[in-house]
Amino acid sequence: MTQHTEHTEQFDAIVIGGGAAGLSAALMLGRSRRRTLVIDSGLPRNRFAAHMHGVLGHEGIDPAELLRKGREELAAYDVGIRPGRVARLDETDEGVSVLLEDGERLTGRIAIVATGVTDELPDIPGLAERWGASVLHCPYCHGWEVRDRRIGVLTTSPLGMHQAQLIRQWSDDVVVFTAGLGPLEEADEQRLLSRGITLVTSPVTEVLGEGDQVTAARTADGLTTEVGAIFTAGTLRPHDGFLTHLGLERADSPVGSFLAVDATGKTSSDRIWAVGNVSNPMANVPISMSAGTMAGSVVNMALVTDDFDRAQAGPAAVDFWQERYAGSDRIWSGKVNKVLGDIAAGLEAGTALDLGSGEGGDVIWLAQQGWRATGLDISENAVARGREAARAAGLTEEQARFVASDLSSLSDLDGSYDLVTASFFHSPVELPRTDILRRAAELVSPGGHLLITSHAAAPPWADAAAHEHHFLDAKEELAELDLPAESWETVVLEHRHRPVTTPSGEESTLEDAVVLLRRR
């Protein structure tokens with residue numbers, strides 16, 4: 001079990017990153033009435049710059065002001081913003097699971113990754129201290145402000161040849177420090193010289209200046225070259241380490257390897273989008289905003305499609321179990337499941353919740369032992385049978401309550417329970433079993449117990465060739481739940497054998513997996 005705590009609300013979308021791209025995606029989702037949460041580390045790439053340029057209608061404003069306005073706009077659409085950093089992103093049966101560095105785990109249907117990149121600058125004294133002020137990387141963002149100065153270009157790779165030529169548009173006085181280019185071909189040298197660019201071959205060892213303003217660069221040969229600004233390109237490191245284990249497709253570029261996305265920002269996963277610099281390192285603020293806007297709109301449509309798919313698929317499970325309990329004949333024995341009876345007998349009676357309560361045998365037994373028991377089932381017919389059986393046993397609704405629910409959100413329940421039990425919670429028609437059990441675990445009170453009893457193997461008399469389902473053993477069941485170790489104590493983790501009579505009347509045994517956890 002990993003160490004984390006649970007957040008009970010499932011979001012339609014979790015946006016990881018609160019920069020221009022992430023907030024733009026969240027804005028579209030909020031306006032689409034989606035439950036959306038933004039996880040914001042508070043460290044946007046352009047935080048070093050005091051002014052932002054090239055953004056129509058926002059020319060020259062502080063980038064922090066743009067984000068402040070964006071967060072203010074999101075509040076009008078009930079979009080939440082949660083400070084934090086993501087440690088791990090996983091896919092689940094129902095969507096995605098996001099584990100934060102502080103141990104909290106969040107769940108959603110789709111994730112939009114907008115975590116950006118880090119510019120790792122050369123380790124040259126005086127360089128990083130002036131990053132964003134007079135040490136710059138994008139002439140479209142900052143070239144106008146340093147126009148006509150003597151501008152230095154500190155090359156860090158062969159790509160510096162492109163930057164060197166580009167900077168010449170903003171000044172007639174350009175100095176290119178060529179060491180980062182490697183051996184300079186004569187044709188390239190002549191190309192730069194043809195427009196009056198000065199070339200310095202000795203590596204830069206220190207950047208000099210006053211405050212945040214560059215005044216000169218010192219080179220390894222001991223000489224000092226005066227410059228009024230420096231353009232350079234750091235190594236770009238995408239902030240995507242929290243999802244590398246997913247093996248999503250990547251695209252190699254001259255500046256590194258980045259998540260591969262389509263025109264809408266969708267990755268190779270149907271549940272994960274990536275926008276902004278984390279997938280497009282050359283994107284400026286307007287491009288990042290546009291990518292976020294596109295992704296937010298397309299994600300909403302993906303959720304709309306999923307809503308309709310679920311609406312069509314949902315009745316399949318409901319219809320199956322409604323039909324199963326439609327007749328007049330009893331399906332189960334009406335007795336308590338043996339594992340539940342044995343374990344609950346050693347617990348102090350309190351409140352209990354039984355998932356997939358069927359005809360109510362476990363709920364009624366718990367109520368008779370002094371528990372205030374609630375049974376939850378997907379079938380209205382099963383719930384009706386449970387209520388009838390409870391009345392026949394002389395129990396009040398306060399003692400034995402039955403609720404019909406689709407189980408997907410457990411939103412029909414209030415409060416918490418001292419015991420949550422699920423006995424043989426299997427379905428031949430699809431149900432998100434693990435996700436339902438995880439949500440049910442969130443309903444266990446501190447000091448309470450979660451008991452899962454399940455089939456560890458098919459019946460011995462079953463046709464093995466026709467039984468393709470993989471039954472989880474007890475250890476696999478526990479691993480699948482992936483509940484926080486600091487919050488749960490494993491009390492029982494074992495297999496038990498149960499005597500039964502086969503359909504042909506012979507004596508046999510069934511193997512059950514038993515997991516009993518106590519919430520700390």
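It should be noted that the structure appears before, not after, this text.
To keep things clear, this report deals only with the structure shown in the data block. (Residues numbered from 1 in each chain as written. Predicted model: local features only at pLDDT ≥ 70, side-chain atom pairs only at ≥ 80, totals over all residues. Heavy atoms only, no water.)

**Considering the sheet that holds strand β11 (residues 198–200)**
Part 1: One open sheet accounts for five strands, arranged β8-β15-β9-β10-β11; its pairing is parallel. Taken across any chain shown, the strands that pair with only one partner, and hence form the sheet edges, are β8 (135–136) and β11.
Part 2: Alignment of strand β9 (residues 151–154) against strand β10 (residues 174–177), held across four bridges, turns out to be parallel. In the sheet register, Ile 151 faces β10, and the bridge partner there is Val 174.
Part 3: Each of β9, β10 and β15 (229–232) is contacted by helix α4 (residues 160–167), which is oriented at about 170 degrees to β9, the strand it contacts most. (Pairing = 2+ DSSP bridges. Helix = DSSP H or I, 4+ residues; strand = E, 2+ residues; numbered from the N terminus. Contact = heavy atoms within 4.5 Å. Axes fitted to C-alpha atoms, helices over the stretch in contact; angles between N-to-C directions.)

**Comments concerning the environment of Asp 148**
Part 1: If you trace the backbone, Asp 148 turns up in the loop between α3 (139–142) and β9.
Part 2: Sequence spacing of Asp 148 and Ser 405 is 257 residues, and the spatial spacing of their C-alpha atoms is 70 Å.
Part 3: Beyond its immediate chain neighbours, meaning those up to four positions away, Asp 148 contacts Trp 170 and Ser 171.

**Looking at α4**
Part 1: Burial of α4 is extensive: six of the eight residues sit out of reach of the surface.
Part 2: All of the buried residues along α4 are Gly 160, Met 161, Gln 163, Ala 164, Leu 166 and Ile 167.
Part 3: Buried residues belonging to α4 abut α3, β9, β10, α5 (186–193) and β15. (Buried < 20%, exposed > 50% of the residue type's maximum accessible area, 1.4 Å probe, protein only.)

**Side note on the sheet that holds strand β22 (residues 400–404)**
Part 1: The strand order across the open sheet built from seven strands is β22-β21-β20-β23-β24-β26-β25, with neighbouring strands paired in mixed fashion. Every interior strand has two partners, whereas the edge strands, β22 and β25 (488–501), have only one. Here the strands of the sheet are splayed against their neighbours by 15 degrees on average, with no regard to which way each runs.
Part 2: Sheet topology note: the strand β23 (residues 417–423)/strand β24 (residues 444–455) ladder contains six bridges and is parallel. Counted as the bridge partner of Ala 422 is Ile 452 from β24.
Part 3: Contacts from helix α8 (residues 361–368) reach β20 (351–355), β21 (372–377), β22 and β23 within the one sheet, and its direction differs from that of β21 by about 175 degrees.
Part 4: The strands touched by helix α11 (residues 474–481) within the sheet are β24, β25 and β26 (507–519), with β26 carrying the most contacts at an inclination of about 35 degrees.

**A word on the nonpolar core**
Part 1: In this structure, Leu 353, Leu 355, Leu 376, Leu 450 and Leu 517 are the most contacted members of the largest nonpolar core, which totals 33 residues.
Part 2: Among the secondary structure elements, those contributing two or more residues to this core are α6 (285–324), β20, β23, α10 (433–441), β24, α11 and β26.
Part 3: No other element matches α10, which puts four residues into this core.
Part 4: Beyond its immediate chain neighbours, meaning those up to four positions away, Leu 517 contacts Gly 448, His 449, Leu 450, Leu 478, Leu 481, Leu 483, Trp 488, Glu 489, Thr 490 and Val 491.
Part 5: By size, the runner-up hydrophobic cluster in this structure holds 23 residues, among which are Val 339, Ile 364, Leu 395 and Leu 451. (Core = buried A, V, L, I, M, F, W, Y, C linked by side-chain atoms within 4.5 Å.)

**Observations concerning the packing of aromatic side chains**
The geometry of two aromatic rings is summed up by the distance between their centres and the angle between their planes.
Part 1: Under the criterion given, the structure shown has three aromatic pairs.
Part 2: Pairing Phe 320 with Trp 321 gives two aromatic rings, centres 5.0 Å apart and planes at 85 degrees, and the pair type is edge-to-face.
Part 3: For Trp 321, a relative accessible area of 11% puts it in the buried group.
Part 4: Among the aromatic residues, those joined into a ring-pair cluster are Phe 320, Trp 321 and Tyr 325. (Phe/Tyr/Trp six-rings, centres within 6.5 Å; stacked < 30°, edge-to-face > 60°.)

**Here we look at unusual backbone geometry**
Part 1: The phi torsion at Asp 148 lies on the positive side, around 65 degrees, for a residue other than glycine.
Part 2: Even without being glycine, Asp 482 reaches a positive phi, approximately 50 degrees.
Part 3: Judged by its relative accessible area of 23%, Asp 482 is partly exposed.

So far we have only geometry, and geometry alone does not tell us how the molecule works.
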